[in-house]
Amino acid sequence: MTDLTATDFPPGPLRAEARIDLDAIRANTRRVGQIVAESGAGVMAVVKADAYGHGAVPCARAAKQAGAAWLGTALPEEALELRAAGLTGPILAWLHPAGGPWDELIVQEIDVTGYAPWVLEEITAAAQRLGIPARVQLKADTGLGRGGTQPHDWLELVELAAKAEAAGHIRVTGVWSHFACADEPGHPSIRSQLDLFREALAVADHAGLRPEVRHIANSPAALSLPEAHFDLVRSGLALYGLSPLPDTTPADFGLRPAMSLRARVALVKNAPAEHGVSYGHIYHTAAPTTLALVPLGYADGLPRNSSNVGEVFIGGRRHRIAGRMAMDQFVVDLGDPDADRDVQVGDEVLIFGSGEHGEPTADDWARATGTLNYEIVTRIGPRVPRVYVGNS
Ligand SMILES: *Cc1c(COP(=O)(O)O)cnc(C)c1O
């Protein structure tokens, strides 16, 4: 019954949608580009995990239109999907299962990541067999303790790469690393990782490697740590318009959330006082009231622990989830026995959005459920269609 309902969610059978504003993705990419250009760095748009749930191909296109020179994915198949969709230019993948698929990646000119001697040996063998030099970036573990090569093995990896490059089998296009605590500005590990990264670069340089790009910064470092920018920042979250830094809003950095999650009210009904609501009856109505049923659930990616705490926006107001979040649906207590005059079946429920109308944001959902905004948007499931707007 609100303006939002009338203007934003056109009539039709749609149960729910994740609306993605590609203009916002473009504006956010330009904004990050502007921030890091002061350090002389470029932007790699990280579009792994289906662009954090926003849709990899449309978001990759939008980011490239807005000046992102590189695209980055975790998995090789994510990188190959971008190529198959016609995206040109450099793409880096960084998490390879044993076995590649090196041939396809090399043929498609996707930069692969060498993070251990065995990976480099597999890549070199494939490139030699194909007779096409592989584009390889070397990854140093400067302290994250996850992927990458430890400092004591770095020289061995670098020498192996230099030998393969001299033989014409590979071209070392990049050297990179990843922060553990960039989202905690001032954390001592940031300084020590930067020191170790510079040492790793010096070792590579000494061995004669001349990478096109050196990079360590993710979104939090891109926004808060200019000395970490080097040649390229690998930015994901900021491009989707969310802030990676604590106690900040996207607007603090000139960013705008690109995803809003919407559903339609599926049922409105009156209920008496002290009526249990949803599984386990962890909620009871306080007084005669109106209940609205929303057809989205944890199968669609809404956290189950939003039960009784998550908020949604219906009829221009925030309402709390009443009772358990179920697999496909949840209930909202509209708090008024006459609310069925105002809220009807088919009305729009804004689960989260940019916040500009007063609706909850992905940050609000993250706070309510004890997780990160990263997880809230990324886990929105395949059952929710993505609808693109701002595709100018
Ligand atoms: C996911 C990821 C990024 C992007 O991180 P954001 O904080 O979303 O910018 C960068 N680099 C690596 C290695 C990643 O896995």
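Everything here concerns the structure above.
Residues numbered from 1 in each chain as written. Predicted model: local features only at pLDDT ≥ 70, side-chain atom pairs only at ≥ 80, totals over all residues. Heavy atoms only, no water.

Draft legend 1. Fine view of a nonpolar patch on the surface. A grouping of Val107, Leu130 and Ile132 is seen on the molecular surface, where their side chains present a nonpolar patch of about 200 Å² in accessible area. Turning to its location among the elements, Leu130 is positioned in helix α7 (residues 117–130). Look at Leu130 and you get partly exposed, because its relative accessible area is 30%. (Patch = residues over 30% accessible without salt bridge, like charges linked within 9 Å, V, L, I, M, F, W, Y side chains within 5 Å. Areas by Shrake-Rupley, 256 points an atom, 1.4 Å probe, with all protein chains shown as cover. Salt bridge = Lys/Arg side-chain N within 4 Å of Asp/Glu carboxyl O. Helix = DSSP H or I, 4+ residues; strand = E, 2+ residues; numbered from the N terminus. Buried < 20%, exposed > 50% of the residue type's maximum accessible area, 1.4 Å probe, protein only.)

Draft legend 2. Geometry of the site of the ligand. In the neighbourhood of the ligand, 15 residues make up the surrounding shell, with Lys48, Tyr52, Ser219, Gly236 and Tyr374 lying closest. Contact distances for the ligand include 2.8 Å between an oxygen atom and a backbone N or O atom of Gly236. Between the ligand and Tyr374, the relevant distance is 2.6 Å, taken from an oxygen atom to a side-chain nitrogen or oxygen of the residue. In isolation the ligand exposes 390 Å². Once the protein is present, 95% of that is buried. Counting only elements with at least two residues in the shell around the ligand, the list comes to α3 (48–52), α10 (219–224) and β9 (232–235). (Near = heavy atom within 4 Å. Polar contact = N/O pair within 3.5 Å; in protein donor to acceptor, adjacent residues only side chain to side chain.)

Draft legend 3. Fine view of the nonpolar core. Within the largest apolar cluster, 118 residues are counted, with the highest numbers of intra-cluster contacts made by Leu138, Phe330, Ile351 and Phe352. Residue contributions to this core reach at least three from each of two domains, namely domain 1 (22–242) and domain 2 (259–389). Not counting chain neighbours up to four residues away, the residues in contact with Phe330 comprise Ala292, Leu293, Val294, Leu296, Leu302, Val312, Ile321, Arg324, Met325 and Ile351. Counting residues in hydrophobic clusters, the runner-up holds six residues, among them Val277, Leu291, Leu293 and Ala322. (Core = buried A, V, L, I, M, F, W, Y, C linked by side-chain atoms within 4.5 Å. Domains from an automatic or database assignment. Contact = heavy atoms within 4.5 Å.)

Draft legend 4. Focus on helix α4 (residues 56–65). Inspection of α4 places Ala56, Val57, Cys59, Ala60, Ala62 and Ala63 among the buried residues, and these make up the whole buried set. Packed against the buried residues of α4 are β1 (16–21), α2 (22–37), β2 (42–46), α3, β3 (70–73) and α5 (76–84). Downstream of α4 by one or two residues, Gly67 has phi in the positive range, about 105 degrees.

Draft legend 5. View of the sheet that holds strand β7 (residues 170–176). Judged by pairing direction, the sheet is parallel, and its four strands sit side by side in the order β5-β6-β7-β8 without closing on themselves. Looking along the sheet, the strands with just one partner apiece sit at the ends: β5 (112–114) and β8 (213–215). Strand-to-strand twist in this sheet, taken as the mean axis angle between neighbours without regard to direction, amounts to 35 degrees. The strands touched by helix α8 (residues 151–166) are β5, β6 (134–139) and β7; relative to β7, the strand with the most contacts, the crossing angle is about 150 degrees. Set on the sheet, helix α9 (residues 188–206) makes contact with β7 and β8; between it and β7 the angle comes to about 160 degrees. (Pairing = 2+ DSSP bridges. Axes fitted to C-alpha atoms, helices over the stretch in contact; angles between N-to-C directions.)

Draft legend 6. Representation of the sheet that holds β3. Spatial strand order, β4-β3-β2-β9: four strands in an open sheet with parallel pairing. The sheet is open, and its two edges are formed by β4 (91–93) and β9, each paired on a single side. Each adjacent strand pair in this sheet contributes to an overall mean axis angle of 25 degrees, direction not counted. Pairing between β3 and β4: three bridges, direction parallel. Its bridge partner lying in β4, Thr73 is registered against Ala93. In this fold α2 packs onto β2 and β9, with an angle of close to 140 degrees to the strand it touches most, β2.

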